[in-house]
Amino acid sequence: MANFHIDENSMMDLVCATHNPDGTNINSNVVLTAIEKILNSEKAADKETSEEMLEELDLNFKECSLKIQHLCFELTSKSSSIIDRHLITICLLSTLSAYSWEAKMVLMLAAFSISYGKLNIFSRQRYRKELTKQLVIVTQSANPTASKDPNPIDNLIKCAMDLTKCIVEINQLSSYYLPQSIISVLPFASYWVGRSIACTVAYCACPPMTNIKFESELNIITTKIKDILTSCSLALEAKRSEESYQALQHALFNNSTDKLKVLKLILNVIDDNEISLSTHADGGQKIGLKFFGEDKKVALLLTSGLDISNEKIQFLNAFYNNTFSTPYIVWIPILDDHAAWSIEQYEEFQDKMLFEVMDDPHKRIARSFTRFVKENLLPHFQIGEEPILVSLDQQGRIVHTNAMHMIQIWSPDYIEDKKLRVEARNNIIPFIEKEMKERSQGLDSLIFDIGEQIRHLAYEIDDKIDGWANQINNRINKLREHSNRYTSERENALWKKEKDWSLGLVVGEIDSGLTNWIRDESYIFLYGGNDIKWVREFTSKVHEVSFKTQSNIHLIYVGKNEKVRASIDEENMSDLLESPDDAWRFWTRLQSALLSRINYLNATNCHGDECDDEIAKGFKKLLGYECKGKTMKEWALLSKGQKVVVCGHGAKMLRVINEYESWKENMALKSFDQAFKDYYNKVNTCLSNSHSCCAFEYPITLKEIPTKEKCPECFHYMQKLVTFTCYHGDS
């Protein structure tokens, strides 16, 4: 036996010199499957069964089968003598010079599988008893911790097979070139697979005592193959990860298939029936992905870890239970590598939620989806920021990257647009009869029952029209039931209908009493502030003016100050939002309305100062009154029904009320609201030197943040600050 220690550079020169590919290719997966079947067979291989094994490879051209037979001959002819396994390996590689490195490895293993069947069965039967005794004695005396398996070839061939399958899989992953790290290692891999085959064949054929000399070489080759396999496995894992990511990205944006396949990609689930989610809405029932079949609408609630407030959970629970049209919400906490939290903490949040949650997000959420969120859903989602609600259609495509604003602004019934249907028309029969009588004038003298026929035709046509209308309406209802209406397209359509800033847009359906006042065209004062003295005086004076003018004026405090709110409640000064949660809902909804409106304006190419949008300006003004950093202590808004009359500084509003005697005569010619507004504008001019102004915050998740912003109160440009606010752990 030649010296085993070979200079690797010289070896590589020899190996590469054998490589002269001409594009000849084989179906590696088919061949590998047949190889495994052969190696696992208990039958001894003779010439006839070898040919059958070759046929099982199902190769497409005869030349490849001849190559395998040639390799079998090279192996078996040299197995009876101790020949330099290095030279045998170079010979095998030279025989396969026209093939790729991957194909060389597969074909050498194919030839070995047939030779192994012929050699290994007989050699094991002949020498196994004696070989077992001697090898156990020798290896245990030399190394007490050595393996007690006297035949290491199984381990070696398994390593060679694993390496070959790994490289085949890397090469067959679509759309990507092989990394240079893999290209450079392919000649080494091919050599050591060939070397393992040559050494194993010789091992099986030589006398038992000589086999002991091979064990060290077999172990060295196994170690080298394992080292190469480790580096290839890392590259394979990287390619699998990239392939999975690209498949998920295509499915969510372009696709394709159906939402069950998309959910399986997101939640790292293989079996549709695998239990992966639970819902407290159905008593903690465990559900598999098949639950979200064709007729289910789905939205993904993405949170930054466990950063979701109790108020947000309560709102989403209420939304989830609202109507049948609400999509099923699946909570997916996106894990921050730097923020650790336990499964116990997760379960505490899970107990509060009525929608679908997974058992263990660390296990369930595919890394490819976490990467997708961080790379594709910016700026809507960012670690440390507010949750978003990603809306999916029945194919699993994203139809809205953040429907959270949409569900906070409009009620589900309004979003559904149930007016979209074929309207019934009850008086169609007279029209048909009239038309037919005009067309058949004078025929009654010839056809005595013409009138009855016309009436019968009219009813028949009416029935057909009703049947057609019912059919169309049923299709609309079915589409409505199965279609997720929380889409960007639908949101833009809703904004397109809104032309003016109105109190309805400000408050939505947050309070049924307030909604009734709007519907009744009542005068309404919304107000807020931190100064309880101003609040007392303002409410008192408004009640006084209401009595004097016999006007139906309602007051409702919507400010954020809890102390003022408690005093109003205790002294019964005016109406209040029912609870602190309602106050949170009011301002959160207002913020959502502004951000949604800005996104709509950007979509219609209306940007910055050149976009003089009344609705966006109105939202900004109200939000600026209650923002941190503002100097304005109080404010008020007057509306008549939907129409916003005036909105401004609390001191100016109070002055107008206090000076009612100065403008009451104008009410004879004008309405209360117009007289109030005219006098307010005069007061506004007189108090132009007042510097009680607003502040305003844009969330970083807004796609386009303006570089400059005017104060909605004094119209000067505001100072721009960058603020970092930590809210983690806050209730």
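The structure we're discussing is the one just above.
Note that the coordinates shown come from a computational prediction; the quantities given were computed from them, not determined experimentally. (Residues numbered from 1 in each chain as written. Predicted model: local features only at pLDDT ≥ 70, side-chain atom pairs only at ≥ 80, totals over all residues. Heavy atoms only, no water.)

For the protein, the count of helices and strands is 29 helices and 12 strands. Burial status across the protein gives 48% buried among its 731 residues. The contacts of the protein with a sequence gap of at least 6 include a subset with a gap of at least 24, amounting to 75%. Carbon and sulfur atoms provide 51% of the accessible area of the protein, an area that totals close to 37500 Å². (Helix = DSSP H or I, 4+ residues; strand = E, 2+ residues; numbered from the N terminus. Buried < 20%, exposed > 50% of the residue type's maximum accessible area, 1.4 Å probe, protein only. Contact = heavy atoms within 4.5 Å. Areas by Shrake-Rupley, 256 points an atom, 1.4 Å probe, with all protein chains shown as cover.)

In this section: the packing of aromatic side chains. Counted under the stated rule, the structure contains 26 aromatic pairs. With centroids separated by 5.0 Å and ring planes inclined at 70°, the aromatic side chains of Trp410 and Trp495 adopt a geometry described as edge-to-face. Of this pair, Trp410 sits in the loop between α15 (404–409) and α16 (412–416) while Trp495 sits in helix α19 (residues 488–497), and the two are 85 residues apart along the sequence. As far as burial versus exposure is concerned, Trp410 and Trp495 are alike and both buried. Between Trp587 and Trp635, the ring centres sit 6.2 Å apart and the planes meet at 85°, which makes this aromatic pair edge-to-face. (Phe/Tyr/Trp six-rings, centres within 6.5 Å; stacked < 30°, edge-to-face > 60°.)

Negative charge collects at one region of the surface, where Glu344, Glu347, Glu348 and Asp351 lie side by side. Mapping Glu348 onto the fold places it in helix α12 (residues 343–350). With a relative accessible area of 52%, Glu348 lands in the exposed category. (Patch = residues over 30% accessible without salt bridge, like charges linked within 9 Å, V, L, I, M, F, W, Y side chains within 5 Å. Salt bridge = Lys/Arg side-chain N within 4 Å of Asp/Glu carboxyl O. Lys, Arg positive; Asp, Glu negative; His and termini not counted. Charge placed at Lys NZ, Arg CZ, Asp CG, Glu CD.)

A few words on the sheet that holds strand β2 (residues 285–288). Across the sheet, which stays open at both edges, the seven strands sit in the order β2-β1-β5-β4-β3-β6-β7 with mixed pairing between neighbours. The two strands at the open ends of the sheet, each matched to only one other strand, are β2 and β7 (398–400). Adjacent strand axes in the sheet meet at a mean angle of 40° when their direction is disregarded. The pairing of strand β4 (residues 328–334) with strand β5 (residues 356–358) spans two bridges and is parallel. Paired with Trp331 across the bridge in β5 is Val357. Helix α14 (residues 367–376) contacts β3 (298–304), β4 and β7 of the sheet and is inclined by roughly 90° relative to β4. (Pairing = 2+ DSSP bridges. Axes fitted to C-alpha atoms, helices over the stretch in contact; angles between N-to-C directions.)

Along the chain, Asp569 turns up in helix α23 (residues 562–571). In this structure the C-alpha to C-alpha distance between Asp569 and Tyr557, which are 12 residues apart in sequence, comes to 9.8 Å.

Once that is clear, we can look at the pattern of salt bridges. Summed over the entire model, instances satisfying the criterion amount to 19 salt bridges. Between Glu375 and Arg371 there is a salt bridge, and its shortest N-O distance comes to 3.1 Å. You can see Glu375 and its partner Arg371 sitting in helix α14, four residues apart, about one turn around the helix. By relative accessible area, which is 27% here, Arg371 ends up partly exposed. Across the salt bridge formed by Lys670 and Asp678, the nearest N and O atoms sit 2.3 Å from each other. Owing to a relative accessible area of 34%, Lys670 belongs among the partly exposed residues under this scheme. With relative accessibility at 21%, the residue Asp678 sits in the partly exposed group. Taken together, the shared-partner salt bridges connect Glu544, Lys548, Glu661 and Lys664 into one network.

Buried residues dominate strand β9 (residues 553–557), accounting for five of its five residues. Taking every second residue as pointing to the same face, both faces of β9 are buried, with Ile553, Leu555 and Tyr557 on one and His554 and Ile556 on the other. Of the strand pairs in this sheet, strand β8 (residues 523–529) and β9 are connected by five bridges, and their pairing is parallel. Residue Tyr527 lies in a different strand from β9, and its bridge partner there is Tyr557.

So, about the sheet that holds strand β10 (residues 575–576). Strand-to-strand pairing in sheets goes through backbone hydrogen bonds, with the strands running parallel or antiparallel. Read from one edge to the other, the open sheet built from five strands follows the order β10-β9-β8-β11-β12, with strand pairing classed as mixed. Across the chains shown, the open sheet's two edge strands, defined by having one partner strand only, are β10 and β12 (643–649). Note that strand β11 (residues 634–640) and β12 share six bridges and pair antiparallel. Paired with Lys640 across the strands is Lys643, a residue of β12. The sheet contacts of helix α26 (residues 650–658) involve β8, β11 and β12, and relative to β12 the element is tilted by about 115°.

In short, geometric facts, not functional conclusions.
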